Amino acid sequence: MKAQVAAGERTALDVLAAAVKDPNGVEGRLRVTELLVSIPAIGVTKMQRIMTRLEISPSKRLGGLGKHQRDRLRDFLAARPTNRRGAPDSHLIVLAGPTAVGKGTVAAYIREHRPEVHLSVSATTRAPRAGEVEGVSYFFVSDAEFDRMIAAGELLEYATVHNAYRYGTPRGPVEAAIKDGNSVLLEIDIQGARAVRRAMPEARLVFLLPPSWDELVRRLIGRGTEDSAEQSRRLETAKLELAAQGEFDYRVVNTDVAEAAEEVVDLMKIRTSATPS
Ligand SMILES: Nc1nc2c(ncn2[C@@H]2O[C@H](COP(=O)(O)OP(=O)(O)O)[C@@H](O)[C@H]2O)c(=O)[nH]1
Ligand SMILES: Nc1ncnc2c1ncn2[C@@H]1O[C@H](COP(=O)(O)OP(=O)(O)O)[C@@H](O)[C@H]1O
């Protein structure tokens, strides 16, 4: 099947177009899984992840896709580097998820390995911890300064997190980065994700999931930054947060940090509006 799809100058997008034209033809009978693994950079594992993300069952043939599935597949294919025409779109991605799932760890990986992605630096009223750097980890501000930022409209969103301190996303740097054509990643809590959705409906909301509940508990305890009363409180909140995952556009399971980070970065590239010509 690889040879058939790759033959001549045909791209996966061309094959999909042919399948749409003739659902019962050769291309229409091709399985989506076969099309994906025919793309040189996609192996079986990656293909399975993509199928899950596109919400297409492995048995589906190109000719049997529903409209939405077809659109998602087309957007995905159009966003791949070999098919991309011109500069990539800039996107606002929100990464949220329950406490200790690894949001900070995944964001740090992206900061280190994907310098092209702009990571928003939040303002917070909590005190800096050892090793945290002003302007890199957070902008550490007083309650009065946080109030001033809200009143001046300088925050894109803000929330009180874990019933403790306030956190907010400075609006200016996000808007500037998007204007410059860069993709921006916000690592914020679920209330913040909802607020961003209201303020910027085009934002993509990604929910980071633990491989299992037990693993989430292990990560929280293993991190060792909260006492046991605080851990119990956070786990109660985590149950509510996990129940909100359906509100998100995409779900990524954080089993391996590098893989989860790459999936998040890949999601920035999916086109959802423009239909490729
Ligand atoms: N809404 C909102 N939440 C944020 C923002 N920045 C960080 N958070 C969230 O605040 C929570 C606490 O962050 P932090 O004190 O750094 O870490 P933790 O105490 O180890 O969870 C995390 O869930 C972050 O996702 C922000 O700008 N807005
Ligand atoms: N994929 C992973 N596998 C194993 N441990 C992880 C993984 N991702 C994060 N962790 C660990 O889980 C703990 C919580 O991660 P952290 O990034 O602080 O979570 P969050 O920012 O979501 O609260 C940390 O000790 C971190 O090293």
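In this text, all values refer to a predicted model and were calculated from it rather than measured experimentally.

A. The site of ligand 2, seen in detail. In the neighbourhood of ligand 2, 13 residues make up the surrounding shell, with Ala-100, Lys-103, Gly-104, Thr-105 and Arg-223 lying closest. Lys-103 places a main-chain nitrogen or oxygen 2.8 Å from an oxygen atom of ligand 2. Across the complex, the protein chains shield 72% of the 570 Å² of accessible surface that ligand 2 would expose by itself. Residue assignment for the shell around ligand 2 shows that the elements contributing at least two residues are helix H6 (103-113) and helix H10 (213-223). If one sorts the elements of the shell around ligand 2 by residue count, H6 sits on top with three residues. Residue classes in the shell around ligand 2 are distributed as four nonpolar, six polar and three charged.

B. Representation of H10 within the structure. Of the positions making up H10, those classed as buried are Glu-215, Leu-216, Val-217 and Leu-220. Contacts made by the buried residues of H10 are with helix H11 (228-242).

C. Quick look at the packing of helix H2 (residues 12-21) against helix H5 (residues 67-78). Contact pair H2 / H5: the axes reach a minimum separation of 9 Å and the direction vectors enclose 160 degrees. Relative to H5, the element H2 is oriented roughly antiparallel. The handedness of the crossing between H2 and H5 is left-handed. Note on element contacts: H5 touches H2 through Arg-70, Leu-73, Arg-74, Leu-77 and Ala-78, opposite Ala-12, Leu-13, Leu-16 and Val-20. Here the contact of H2 with H5 is composed, by residue class, of seven nonpolar, no polar and two charged.

Rules behind the numbers
Residues numbered from 1 in each chain as written. Chains lettered and ligands numbered in written order. Predicted model: local features only at pLDDT ≥ 70, side-chain atom pairs only at ≥ 80, totals over all residues. Heavy atoms only, no water. Near = heavy atom within 4 Å. Polar contact = N/O pair within 3.5 Å; in protein donor to acceptor, adjacent residues only side chain to side chain. Areas by Shrake-Rupley, 256 points an atom, 1.4 Å probe, with all protein chains shown as cover. Helix = DSSP H or I, 4+ residues; strand = E, 2+ residues; numbered from the N terminus. Nonpolar A, V, L, I, M, F, W, Y, C, P; charged D, E, K, R; others polar. Buried < 20%, exposed > 50% of the residue type's maximum accessible area, 1.4 Å probe, protein only. Contact = heavy atoms within 4.5 Å. Axes fitted to C-alpha atoms, helices over the stretch in contact; angles between N-to-C directions. Parallel < 35°, antiparallel > 145°, perpendicular 65-115°, else oblique. Left-handed = near helix turned anticlockwise from the far one by under 90°.

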